[in-house]
Amino acid sequence: MPDTMLNMTVNGRKVAKPINGQYRLLDFLREEVHLTGAKEGCGAGECGTCSVFVDGKLVKSCLMPTAKADGAEIQTVEGLAGRGELTALQQAFHKTGASQCGYCIPGMVMAATSALRENPYADIEEIKERLGGNICRCTGYTKIFEAVELARDVMNGRLPATALDPDGAGESYIGNNVRRLDAPSKVSGALKYAGDMVMQDMLHMQVLRSPHPHARIVSIDTSAAEALEGVECVITHKDVPGKDGFGVFVHDQPVMARDKVRYVGEAVAAVSAETHEIARRALALIKVEYEELPGVFDPEEAMQPGAVVVHDYAQDNVVKHIPIRKGDVEAGFAAADIIVENSYSTQQVEHAYLEPEAGLAYVDHDGVVTVVSPSQNITHHRHMLSTIIDKPINKVRFIMSPVGGGFGGKEDMIYQGMLALTAMKTGRPVRLVFTREESILSTAKRHPSRVTYKMGLKNDGRITAVSFRMISDGGAYGMSTEGVMRKAAILSLGPYDLANVEIDTYGIYTNNTPSGAFRTFGAMQAQFATESHLDICAEKLGLDPFEIRRRNMMKIGSLTHTQQKLETVSIAEVLETAEAFCRWETGAPTSRGATRTDLGGPDTRASCTLGARFRQIVDDKKQEVA
Amino acid sequence: MFTFDHYLCPKDLREALEMIERLPEDGKIIAGATDVVPYAREGRGGDIHFSTIVDLSRVDEFRGYEIAKGKVRLNANVVFQDFLEDDELRAHLPCMPYCAIWFADDQVREQATLAGNIANASPAADGTPPLLAMDAEVEIARLVDGEVRYRTISIDAFVHGPGKTRLEKGELICAVTCRSMKGYGGSFQKVGQRRSLVISKVSAVALVKTSADGRTFEDVRLALGGIGPVPVRLTDIEDMLKGQAITRRLIAEASVIPADRVASRSRVEYRKRVVRGFVEAAIEDALVACGAPMPTEEQREAAHA
Amino acid sequence: MARRARGRGMAASWYGIARTATIDRAGAWVEMDDGGTAKVVTGVTEIGEGILTVLAQIAAEELGVRPEDVTIGDNDTARSPEAAHAGATRQTYMIGNSVAIACRDARVKLDRELADHWQVDAGTIKAFDGEIWAEGTNKRMTVEEAIDLCKKRGVVPVGSGSFTAHGTGLDPVDGSGAPWQAYVFGCQVAEVEVDTLTGEVQVLGMWAVHDVGRAINPRGVEGQIEGGIVQGLGQALMEDYQLDKGHTTTHGFAKYILPTSLDIPQINTKLVEDRDPRSPLGAKGIGEPALVPTAPAIMNAIYDAIGVRITSLPATPEAILKALEEKEAAALQMTG
Ligand SMILES: Cc1cc2nc3c(=O)[nH]c(=O)nc-3n(C[C@H](O)[C@H](O)[C@H](O)COP(=O)(O)OP(=O)(O)OC[C@H]3O[C@@H](n4cnc5c(N)ncnc54)[C@H](O)[C@@H]3O)c2cc1C
């Protein structure tokens, strides 16, 4: 097979090449035909970043063995429009702001192109169904739908082509819906993310990861892997020349596990080889002897005396406790007419940016160790890496490649160290691209939380005191836990002017997948509890949910829970606007859904029952009869 | 990671059978490859290397379908998208468009074959319940002393456990033949965790034929998926309904019964509760597809009072 | 009970802008370049939020050029000043303001030369969309000509800017402190339909009202809100990273369930622009705050629809049916 020639027509050009270790059509197009518009988001057909046309039908190229496409006519996102041009649909994506990080966008453009090719008059329901195989994590899909409908109408002549034009300068460029400058590169598939980049003589890295949640590393034997033909180097913690350790707040995580592993998926060694396939095979040849240790998997258990200790420096397993005290909580509860207690919990959540982690490192002609990666914090990563590799800071360089979604998940320097060490050891450029599974397994999540809530209120809805305690599983390493606990604590009780509060948040080490930075940094977990709790209280007091919030909201001059005096406060205006905007029918939250009259307005969508395309056929037939 | 040494694309059945007769233990047959390729990943099968892959997608005999004598013969390479797009198939297999629209997405459906779906024999496979309801038979071919030999086996016997079928080494599915259900109303219910790219927690299919006046059940066919090791046909309920006057109350009564067929290892209570409602909804939707009026919420509530 | 029940719920929220309980800072360099273009160099790149476009708009406004004339340079620690991390809802606030300050610095140099050339007071010089003029006079030229003139007089119009946000640390005992200088507030309302047969929740509508300070690019702000809501919805209803003794059971996207195009509501957005008094632009931010109120609004709406309160996320179909069953059992006990 390696030598068998495959013949395809790709974007109108004849391609005759052997498979050369690129077993899936996606890999072949990217690595052999050098078209990187189709991307790998999941490798399992679940996300659509890899969609391409094969003989006129849109398919997920990560599911297609390369040889299946032998003789086929293939069209990728790069082939939709002439060089330097955009199709009407691509222009519509540009116009409506349908791309954000852009990583799903080539696939999304392909799915939308297919939808309009299959049915140029597809209605919104059908469009949504036809885009149903493509996940977008940034946009909330709304602007994408808008783009597809706009393109459809322009293509059908229902709207003039000028509908795709930019809005113009107006009076000012501030407050102006200037089209995204990066959109053309995203909708056309031209933008290169780290995983799309190649360098001459580049090595491919694969990482050996811990199969155990907690174990002592007795020995690591890399000799067999190193002996495999095509393997250039294997690195372990022994290759770290400087002070090993990184983290957003505490530097408690080594580049690769040192004496023990603390979670499943932690990096233990990294192989770099001439091909991705060889590197992968070499992983199986590394022998690591582990002595399994008992693990701790529940933060409350980890807080008990005598619990398994995850890090020696933190014998109580507490990463961070943030206390906030204001007023006199005892007195506040004593003054209350009712006291309401409840508990709340939230789950661990994966960032699921469509771009899995990827990076490229090299040592340049001046000996500067350079890492190109979608890092959300190149400034801090440079600092940490310079200590780890023991080089002056101006001999370390981080370049931030376009980030295919971050949401906080790319703030941790979990792989850049391995790339730098390998580049230094081999003198060759090296690239690492995570699989989706690897990304899910090894990177930080949103902190799960358990909240105990106690609130005292007067009969008129005024809150007299709150006690709030949140315990969060920080997982095996500190990452952003400290900051997340701080922000959760500060923001926990919401935009309410409260005289007496007692807040405690705890981030705890366990042997679970680490938790880290994730859009809202703890605020979502904490305010989920507050906003649920307020509705419970409102029901008990017979108050409308807007009203109970209004009776307690902050005003100019209010002291926050951390006793900061506020200079500007917009919550009153926000509540008033929202109430009018959604046509809210006033009433206490007594599960009155069945009798509300503000439901089902034109600003809601229809309930989704699948099969929009047959309904259209039925409607058309009905029309024929009539 | 999915890797292989040799990739074979037989052009006809005999060539395919010859290839699979010689297929080594670490070889693999694929059709659409939508089960096989993503299986070779971490958390599932891990890295899988196949010495030889036999890709059936170009086998001439496996293309298309034939309709004759009240039967629909679906050759092995019919894909789920065909059930949505082909007018003939929609008329003869009226539950299949609803099954297909819930299946994966437009792109996977272009590749995913019905034969691969039943050969994979997942308890959650969406193709199997409709086939049970349509009395499908699986046509299997093998080479015996260089001759192509066929055998036929009913779908309920063919799939007999999670991932288990009666297919033996050296055999291929050539076709699945079901009864034409032209004139029936068909429906398919499915629930998972979202509305696209969703694996069934429970699925239910119904095919209903009413008397000419629309008042009695002439025939009813029902099956469930996702509720145990294999999908099941609900012949007892079908018998309860056949020949009876169509009333909401009767449907409601009949729908309560199949909950005890739930034999999953997880989410048992959830599935039981859903099954009760799904059988009823499936019958109602199938009746609507026959031209019966949609029951109102009030009628449904009255039936349960 | 009818099979499908609808209801509404709301939730409010607040958030702090830029880094928490510490001084935050960011720097930028600007050059007004040949051809009436501009270079902005700052250590940040796009993570999808639209920052490059926002910075180009700010630079265009301050320099009097068009956004497409602005090139945003290297996001590179060896080539650009510190902008620090892309997070904490700090991009528009920190880097936006530092770019504005740098642009103003460059404009001072350009305007000084031009004022001298035109013999007008530099304060009267205004520029927009590629044109530059002295107010109250007929003196006007293109920005391209102005830059050329400036250079011919021996001056390269460059500028630099550094912006500071003054947060203070928290007291270790009572937590007192001023963690941010700018706060934003929000409110979302959800309308849901619960299928009491399957336990599925469909969110049919969301209304989102957020104070973002001055909106630089309203469409981009909407995009952030829409994306935030859909992430919040995912967490509310389906997403669940699960572990069994430290081993994940949700390895890939077949098991880790994300919202698709068929799972999302119609999203209606309205902005409140309460300007920040402490910064040149008056803008605040929206990246993170957008998803804070989503999950509680949805849970409150579920309660409105079917009278069950989900306090443990996510509210999967199974969790909904279980809660309904418990509610029915409790009701039976009451009557029986
Ligand atoms: C993103 C995604 C979503 C999915 N959604 C659904 C869904 O909603 N519902 C559902 O039921 N399934 C779903 N699936 C699973 C899969 O698509 C189906 O099971 C599909 O029908 C398999 O068909 P295939 O042709 O792709 O099979 P392949 O992967 O090619 O093969 C599957 C098995 O069948 C065998 N096989 C194939 N053809 C023959 C033959 N003619 N004779 C003998 N053996 C044969 C193969 O050896 C293999 O063991 C999904 C898969 C993906 C990737």
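Residues numbered from 1 in each chain as written. Chains lettered and ligands numbered in written order. Predicted model: local features only at pLDDT ≥ 70, side-chain atom pairs only at ≥ 80, totals over all residues. Heavy atoms only, no water.

A closer look at the overall build of chain A
Using the following cut-off: By the criteria applied, helices consist of DSSP H or I runs no shorter than four residues and strands consist of E runs no shorter than two, each listed in order from the N terminus. Here the globule rule reads 2.2 Å times residues to the power 0.38, and the radius of gyration is calculated from C-alpha atoms. Only protein chains enter the accessibility calculation, which uses a 1.4 Å probe. A residue is then buried if its area is under 20% of the maximum for its type, exposed if over 50%, and partly exposed in between. Contact criterion: two residues are considered in contact whenever any of their non-hydrogen atoms come within 4.5 Å of each other. Surface accessibility in these figures is a Shrake-Rupley result with a 1.4 Å probe; residues are shielded only by whichever protein chains are displayed. Two residue types count as positive, namely Lys and Arg, and two as negative, namely Asp and Glu; His and chain ends fall outside the count. By convention, the point assigned to a charge is CZ for Arg, NZ for Lys, CD for Glu and CG for Asp.
Assigned secondary structure in chain A consists of 18 helices and 20 strands. A compact globule built from 626 residues would reach a C-alpha radius of gyration of about 25 Å, and chain A, at 28 Å, matches this within 12%. Across the 626 residues that make up chain A, the buried fraction comes to 67%. Once local pairs closer than 6 in sequence are excluded, the contacts in chain A between residues at least 24 apart make up 75%. Counting every atom, chain A has about 20700 Å² of accessible surface; 50% of that belongs to carbon and sulfur. Taking the average place of the 68 positive charges on the side chains of chain A and the average place of its 79 negative ones, the gap between the two points comes to 2 Å.

Some thoughts on the overall build of chain B
Within chain B, the secondary structure is distributed over 13 helices and 14 strands. The C-alpha atoms of chain B give 20 Å as radius of gyration, which agrees with the globular expectation for 305 residues (19 Å, within 12%). Counting only C-alpha atoms and orienting by the principal axes, one finds that chain B spans roughly 65 × 45 × 30 Å. Here chain B has roughly 12100 Å² of accessible surface; of this, 48% comes from carbon and sulfur atoms. Of the side-chain charges in chain B, 40 are positive and 46 negative, and the distance between the mean point of each set is 4 Å.

Brief notes about the side chain of A:T142
Locating A:T142 in the fold gives a position in helix α5 (residues 142–155). Beyond its immediate chain neighbours, meaning those up to four positions away, A:T142 contacts C:E226, C:I264 and C:I267.

Topic: unusual backbone geometry
The omega torsion across C:L313 and C:P314 is 0°, close enough to zero to call that bond cis. Look at A:Q563: it is not a glycine, yet its phi comes out positive at around 65°. On the accessibility criterion, A:Q563 (34% relative accessible area) is partly exposed. Here the phi dihedral of A:R583 falls at roughly 60°; this positive angle occurs in a residue that is not glycine. A residue is classified by how much of its surface remains accessible, and A:R583, at 33% relative accessible area, is partly exposed.

Some thoughts on the nonpolar core
To be explicit about the condition: Side-chain atoms within 4.5 Å link the members of a nonpolar core, which is a set of buried Ala, Val, Leu, Ile, Met, Phe, Trp, Tyr and Cys residues.
Formed by 241 residues in total, the largest nonpolar core has its most connected members in A:F93, C:I298 and C:I302. Ignoring any residue separated from it by four or fewer positions in sequence, one finds A:F93 in contact with A:A98, A:S99, A:I105, A:M108, A:V109, A:A112, A:I144, A:A147, A:V148 and A:V187. B:A100, B:I118, B:M181 and B:A223 belong to the second largest nonpolar core, which has 99 residues in total.

A look at the interface of chain B and chain A
The following threshold applies: Throughout, buried area stands for the accessible area (probe radius 1.4 Å) lost by two parts on being put together, summed over both. By salt bridge we mean one thing: a side-chain nitrogen of Lys or Arg within 4 Å of a carboxyl oxygen of Asp or Glu. Charged means Asp, Glu, Lys or Arg here, nonpolar means Ala, Val, Leu, Ile, Met, Phe, Trp, Tyr, Cys or Pro, and polar covers whatever is left, Gly included.
Taken together, the contact pairs 40 residues of chain B with 46 residues of chain A. With both sides pooled, the region where chain B packs onto chain A buries about 3500 Å², and carbon together with sulfur makes up 54% of that total. Of all residues in chain B, the largest losses of buried area upon contact with chain A belong to B:R41, B:E42 and B:Q107, amounting jointly to 21% of the total for that side. In this structure, the connection of chain B to chain A is made through 11 salt bridges. A salt bridge links B:E42 to A:R280, with the nearest nitrogen and oxygen atoms 4.0 Å apart. For the side of chain B that touches chain A, the secondary structure elements donating two or more residues are β1 (2–8), α2 (36–39), α3 (80–85), α5 (96–101) and α6 (106–111) of chain B. Here the residues of the side of chain B that touches chain A are counted per class, giving 16 nonpolar, 9 polar and 15 charged.

Digging into the packing of helix α1 (residues 51–63) of chain C against helix α2 (residues 91–118) of chain C
Packed helices, taken two at a time, are described by the angle between their axes plus the distance between the axes. Residues and elements named next belong to chain C. Selection rule: Simply put, an axis is a line fit to the C-alpha atoms, just over the touching stretch for a helix, and the angle between two N-to-C directions goes from 0 to 180 degrees. Roughly parallel refers to an angle under 35 degrees, roughly antiparallel to one over 145, roughly perpendicular to one between 65 and 115, and oblique to any angle outside these ranges. We call a crossing left-handed when the near helix sits turned anticlockwise from the far one by less than a right angle, and right-handed when that turn is clockwise.
The N-to-C vectors of α1 and α2 enclose an angle of 30°; their axes lie 9 Å apart at closest approach. It follows that α1 is roughly parallel to α2 by the angle criterion. Once α1 is placed against α2, the crossing between them reads as right-handed. Taking contact as the criterion, the partners of I51, V54, L55, I58, A59, E62 and L63 in α1 are, on α2, Q91, T92, I95, G96, V99, A100, C103, R104, A106 and R107. Grouping the amino acids of the contact of α1 with α2 by side-chain chemistry returns 11 nonpolar, 3 polar and 3 charged.

Comments concerning the interface of chain A and chain C
The accessible area lost on association of the parts is a frequent measure of interface size. Cut-off, in case you're wondering: What qualifies as a polar contact is a pair of N or O atoms within 3.5 Å, subject to a donor-acceptor requirement within protein and to the restriction that residues adjacent in sequence count only when both atoms come from side chains.
Opposite the 143 residues of chain A that make contact, chain C presents 138 residues. Buried surface at the junction of chain A and chain C, both sides included, amounts to about 11400 Å², of which 59% is carbon and sulfur. Looking at the side of chain A facing chain C, the largest losses of area belong to A:Y173, A:R519 and A:R605, adding up to 7% of the total buried there. Between the two partners, chain A and chain C, sit 10 salt bridges. As a salt-bridge pair, C:D304 and A:R596 come within 2.8 Å of each other at their nearest N and O atoms. At the boundary of chain A and chain C, one finds 73 residue pairs in polar contact (both at pLDDT 80 or more).

Thoughts on the packing of helix α3 (residues 105–118) of chain A against α5(A)
All names here are of chain A. Interhelical geometry of α3 versus α5 gives an angle of 40° and a closest axis separation of 11 Å. Between α3 and α5, the interaxial angle falls into the category oblique. For α3 against α5, the interelement crossing comes out right-handed. Across the interface between the two elements, I105, M108, A112 and L116 of α3 pack against I144, V148, A151, R152 and M155 of α5. Counted by class, the contact of α3 with α5 contains 8 nonpolar, no polar and 1 charged residues.

Examining the pairing of strand β6 (residues 137–144) of chain B
Residue and element names in this part refer to chain B. Heads up, the rule is: A pair of strands is labelled paired if DSSP reports no fewer than 2 bridges between them.
Bridge count between β6 and strand β7 (residues 147–154): 8 bridges; the pairing is antiparallel. Paired with R142 across the two strands is R149, which belongs to β7. Counting the residues in the hairpin turn of β6 and β7 gives 2 residues, including D145, whose phi is positive at 50°. Of the pairings in the sheet, the one linking β6 to strand β10 (residues 172–179) comprises 5 bridges and is antiparallel in character. Residue pairing across strands places E139 opposite A175, the latter belonging to β10.

Considerations on the site of the ligand
Residue and element names in this part refer to chain B. The line we're drawing: We call a residue near a given molecule or strand whenever any one of its heavy atoms falls within 4 Å of it.
Near the ligand, the surroundings consist of 35 residues, among which I29, A31, T34, D35 and T113 are the closest. Within the contact set of the ligand, an oxygen atom lies 2.7 Å away from a backbone nitrogen or oxygen of A33. Measuring from an oxygen atom of the ligand, one finds a side-chain N or O atom of T34 at 2.6 Å. Notes on the ligand: free accessible area 980 Å², of which the protein chains cover 94%. Elements with a minimum of two residues in the shell around the ligand: β2 (28–30), α6, α7 (114–120) and β10. A per-class count over the shell around the ligand returns 23 nonpolar, 7 polar and 5 charged.

Quick word on the packing of aromatic side chains
Here is the rule: Two rings from Phe, Tyr or Trp (for Trp, the six-membered ring) form a pair when their centres sit within 6.5 Å of each other. Planes less than 30 degrees apart are called stacked, planes more than 60 degrees apart edge-to-face, and all others tilted. Cation placement over rings: the criterion is NZ of Lys or CZ of Arg within 6 Å of the ring centroid and within 35° of the ring normal.
This model, assessed by the stated rule, comprises 21 aromatic pairs over all chains. With a centroid separation of 6.2 Å and an interplanar angle of 75°, the aromatic rings of A:Y263 and A:Y477 are classed as edge-to-face. Residue A:Y263 is located in the loop between β9 (260–261) and β10 (267–273), and its partner A:Y477 is located in the loop between β19 (463–475) and α14 (481–491); the two are separated by 214 residues in the primary sequence. Accessibility classification places A:Y263 together with A:Y477 in one group, the buried group. The interplanar angle of 50° and the centroid separation of 5.3 Å between the aromatic rings of B:F4 and B:Y7 together place this pair among those described as tilted. The rings of A:Y23, B:F2, B:F4, B:Y7 and B:F50 are connected pair by pair, giving a single aromatic cluster. Above the ring of A:Y353, the side-chain terminus of A:K410 is found at 4.1 Å from the ring centroid. The cationic tip of A:K454 hangs over the ring face of A:F333; the distance from NZ or CZ to the ring centre is 4.3 Å.

Points about the pattern of salt bridges
Applying the stated criterion across every chain yields a total of 96 salt bridges over all chains. A salt bridge links A:D598 to C:R8, with the shortest nitrogen-to-oxygen separation between them at 3.1 Å. One end of the pair, A:D598, is in the loop between α17 (571–581) and α18 (612–625); the other, C:R8, is in strand β1 (residues 4–16), on a second chain. The exposure classification of A:D598 matches that of C:R8, with both residues buried. In this structure, the salt-bridge partner of C:K151 is C:D34, at a minimum N-O distance of 2.7 Å. Of the two residues, C:K151 is situated in helix α3 (residues 143–152) and C:D34 in the loop between β2 (23–33) and β3 (37–41); the sequence distance between them amounts to 117 residues. Looking at C:D34, the relative accessible area reads 48%, which means it is partly exposed. Residues participating in the shared-partner salt-bridge network are B:D135, B:R179, B:D219, B:R221, B:R233 and B:E238.

So, the domain arrangement of chain B
Residue and element names in this part refer to chain B. The test is simple: Each domain's extent was defined by an automatic or database domain assignment.
Considered domain by domain, chain B is made up of domain 1 (2–55), domain 2 (60–179) and domain 3 (185–303). Computed over C-alpha atoms, the centres of domain 1 and domain 2 are 19 Å apart. Contacts between the two partners involve 16 residues from domain 1 and, on the opposite side, 22 residues from domain 2. Summed over both sides, the interface of domain 1 with domain 2 buries roughly 1400 Å², with 62% coming from carbon and sulfur. Linking domain 1 with domain 2 are 5 residue pairs in polar contact (both at pLDDT 80 or more). Considering each element in turn, the side of domain 1 that touches domain 2 owes the most residues, 7 residues, to helix α1 (residues 13–21). Counted by class, the side of domain 1 that touches domain 2 contains 7 nonpolar, 2 polar and 7 charged residues.

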